[in-house]
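# Survey of secondary and tertiary structure
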Amino acid sequence: MNPLSPIYYIRNNKGRAALIIFMLFFTTLMFMAGNYVASCDWYWEDAIDSSEKIALVECIPGDEAWSDYHATLEEMRADSRLHVMERTGYGFGGLSWYCTIGIEMGSSSFVFNSKEDMEAAAKRLGLSVDLSKVKDHSIVVSKALAKNKGIHLGDTIDGTVDENLNEEFTVDALIEDDTFETFFLVHDEKNLVRFYVYSDEMEGDELYSYIADKIGDRQVKLASRQKHSINQSLAPLHIIMIAGAVLLSVILAVTVNSVVTGQYQKRTYEFGVYRALGLSKKTVFRKCAAELLVMDLIAILIGAAIHFLLTFLLNELLYIPNGKYLPYVTDLGLICVAISNLTVIVPMIIAKGRRMGKADVTEF
């Protein structure tokens, strides 16, 4: 085998290579750490998607506002591109839950005035659920949220189960999908000052822009989309995680560099011989870089295999049975492991490559 091959050193120095690979493996821990923090986002994915498909319009208190609200309602009812569902003006907070990292969160909620409205919304949202038994004061949640809260089909729940509930509700249906939204059916004929709007052909920016144009300058409120409020709420967690990844990566870089420096100092004579045989500094640099990159790749592959296996076991044995979930891959996890790995490996390649490129056999 060519002595300049990165595999040559690894095969002939298994113990030393294993130590470097073990040290580099610690950079992959940032992947799971990032996934844990990003798991908070997972609970809100369906709520954000629902908000993009069904918008909420509210009446602003006041006589003039009520006239504007009623005019808006009638105009949207007459629009063949829109579907309208009136609901009570009373608010009903969704059930709270504990996410994977132990933070208590409160879910978004939908409140419908009839079984037909709830069925229409479920169809638009693509939810897999049997709503045949829902009635006034029914509450509908997913099986995952039910597990998280410790409630079951047929249970009657109130404020003793969740402080967001001011009345008694019966769990009359469980959604198969892992949504963490709460769906209420509350029949009300007197306080219909809010309504949902959806379209079979529009959603997201197109739907909200269309509704906003319909409202114009009337004194009517179009509720903000979930993705805006959720992103604002969770952004600080992501920033803290990234800052922590940078700090820990610097500490890890110093630790790993000290181990690798000792190993490469012992090889100074080896690289001096390469230089004496006519190899350029660039060639020596590329050899050092190739060795470290191959060992880094091995560490990443081992780390990925361990993390995927560990995530699978945690989900199947701990999280899913309790209505929680740890994502296998997240953008935040990838960002954190990239920060950690690059912070460690890039300075190491530059330092060791340059140092070994200056090795001179006549000095020994």
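Everything here concerns the structure above.
This text gives an overview of the structure that appears in the document. These numbers come from a predicted model, not from an experiment.

## Observations regarding the nonpolar core
If you look at the biggest cluster of nonpolar residues, it comprises 49 residues, and the most contacted ones within it are Trp 44, Ile 139 and Phe 183. A per-element tally of this core places strand β8 (residues 169-175) first, with five residues. Excluding anything up to four places from it in sequence, Ile 139 contacts Leu 95, Ile 157, Leu 165, Phe 169, Thr 170, Val 171, Asp 172, Ala 173, Thr 182, Phe 183 and Phe 184. Judged by nonpolar contacts, the second largest core, of 26 residues, contains Met 23, Leu 24, Tyr 264 and Ala 289.

## Overview of the environment of Gly 34
Locating Gly 34 in the fold gives a position in helix α3 (residues 29-42). When residues no more than four places from it in sequence are discounted, the contact partners of Gly 34 are Met 241, Thr 330, Leu 332, Gly 333 and Cys 336.

## Points about the pattern of salt bridges
In total, this model carries 20 salt bridges according to the counting rule given. A salt bridge links Glu 86 to Arg 77; its shortest N-O distance comes to 2.4 Å. The partner of Lys 149 in a salt bridge is Asp 162, with the nearest N and O atoms 2.8 Å apart. Residue Lys 149 is located in helix α7 (residues 143-149), and its partner Asp 162 is located in the loop between β7 (156-157) and β8; the two are separated by 13 residues in the primary sequence.

## Comments concerning the sheet that holds β8
Spatial ordering of the open sheet is given by β5-β9-β6-β8-β7, a layout of five strands whose pairing is mixed. A single partner strand is all that each edge strand has here, and the edge strands are β5 (109-112) and β7. Where β5 meets strand β9 (residues 182-185), four bridges bridge the pair, whose relative direction is parallel. Along β9, the bridge assignment pairs Phe 112 with Leu 185. Its contacts with the sheet put helix α6 (residues 115-125) on β5, β6 (138-142) and β9, and the angle it makes with β9 is roughly 155°.

## Observations concerning a nonpolar patch on the surface
A cluster of nonpolar side chains, namely Leu 309, Phe 312, Leu 313, Leu 317 and Leu 318, defines an oily patch on the protein surface of about 490 Å² accessible area. Position of Leu 309 among the secondary structure elements: in helix α11 (residues 281-319).

## Quick look at the packing of helix α5 (residues 63-78) against helix α8 (residues 204-215)
Across the interface, α5 lies against α8 with an axial gap of 10 Å and an inter-helix angle of 130°. Here α5 is positioned oblique relative to α8, judged by the angle of their axes. Both α5 and α8 take part in a crossing whose hand is right-handed. The residues of α8 that touch α5, namely those facing Thr 72, Glu 75 and Met 76, are Ile 211, Lys 214 and Ile 215. Class assignment of the residues belonging to the contact of α5 with α8 gives a composition of three nonpolar, one polar and two charged.

## Notes on the side chain of Asp 79
With respect to the helices, strands and loops of the structure, Asp 79 is situated in the loop between α5 and β2 (83-87). Using a relative accessible area of 9% as the deciding quantity, one classes Asp 79 as buried. A polar side-chain atom of Asp 79 sits 2.8 Å from the main-chain amide nitrogen of Arg 81. Within the structure, the side chain of Asp 79 is placed 2.9 Å from the side chain of Lys 214, a separation counted as a polar contact. When near neighbours in sequence (up to four residues on either side) are disregarded, Asp 79 contacts Tyr 210 and Lys 214.

## Some remarks on the packing of aromatic side chains
This model, assessed by the stated rule, comprises 25 aromatic pairs. Measuring from ring centre to ring centre gives 5.7 Å for Phe 271 and Tyr 274, while their planes differ by 80°; the resulting arrangement is edge-to-face. Here the residue Phe 271 and the residue Tyr 274 both occupy positions in helix α10 (residues 268-276), the gap between them amounting to three residues, near one helical turn. Taking the relative accessible area as the measure of exposure, Phe 271 reaches 0% and is therefore buried. Overall, Tyr 274 belongs to the buried group, its relative accessible area being 11%. Members of the aromatic cluster, each reached through a chain of ring pairs, are Phe 31, Trp 42, Tyr 43, Trp 44, Trp 97, Phe 180, Phe 308, Tyr 325 and Tyr 328. Above the plane of the ring of Tyr 210 lies Arg 81, whose end atom (NZ or CZ) is 5.0 Å from the centre. The ring of Tyr 264 is capped by Arg 267, whose NZ or CZ atom sits 4.9 Å from the centre of that ring.

Reading guide: rules and limits
- Residues numbered from 1 in each chain as written.
- Predicted model: local features only at pLDDT ≥ 70, side-chain atom pairs only at ≥ 80, totals over all residues.
- Heavy atoms only, no water.
- Core = buried A, V, L, I, M, F, W, Y, C linked by side-chain atoms within 4.5 Å.
- Buried < 20%, exposed > 50% of the residue type's maximum accessible area, 1.4 Å probe, protein only.
- Helix = DSSP H or I, 4+ residues; strand = E, 2+ residues; numbered from the N terminus.
- Contact = heavy atoms within 4.5 Å.
- Salt bridge = Lys/Arg side-chain N within 4 Å of Asp/Glu carboxyl O.
- Pairing = 2+ DSSP bridges.
- Axes fitted to C-alpha atoms, helices over the stretch in contact; angles between N-to-C directions.
- Patch = residues over 30% accessible without salt bridge, like charges linked within 9 Å, V, L, I, M, F, W, Y side chains within 5 Å.
- Areas by Shrake-Rupley, 256 points an atom, 1.4 Å probe, with all protein chains shown as cover.
- Parallel < 35°, antiparallel > 145°, perpendicular 65-115°, else oblique.
- Left-handed = near helix turned anticlockwise from the far one by under 90°.
- Nonpolar A, V, L, I, M, F, W, Y, C, P; charged D, E, K, R; others polar.
- Polar contact = N/O pair within 3.5 Å; in protein donor to acceptor, adjacent residues only side chain to side chain.
- Phe/Tyr/Trp six-rings, centres within 6.5 Å; stacked < 30°, edge-to-face > 60°.
- Lys NZ or Arg CZ within 6 Å of the ring centre and 35° of its normal.

Shape is all these values report; function is a separate question.
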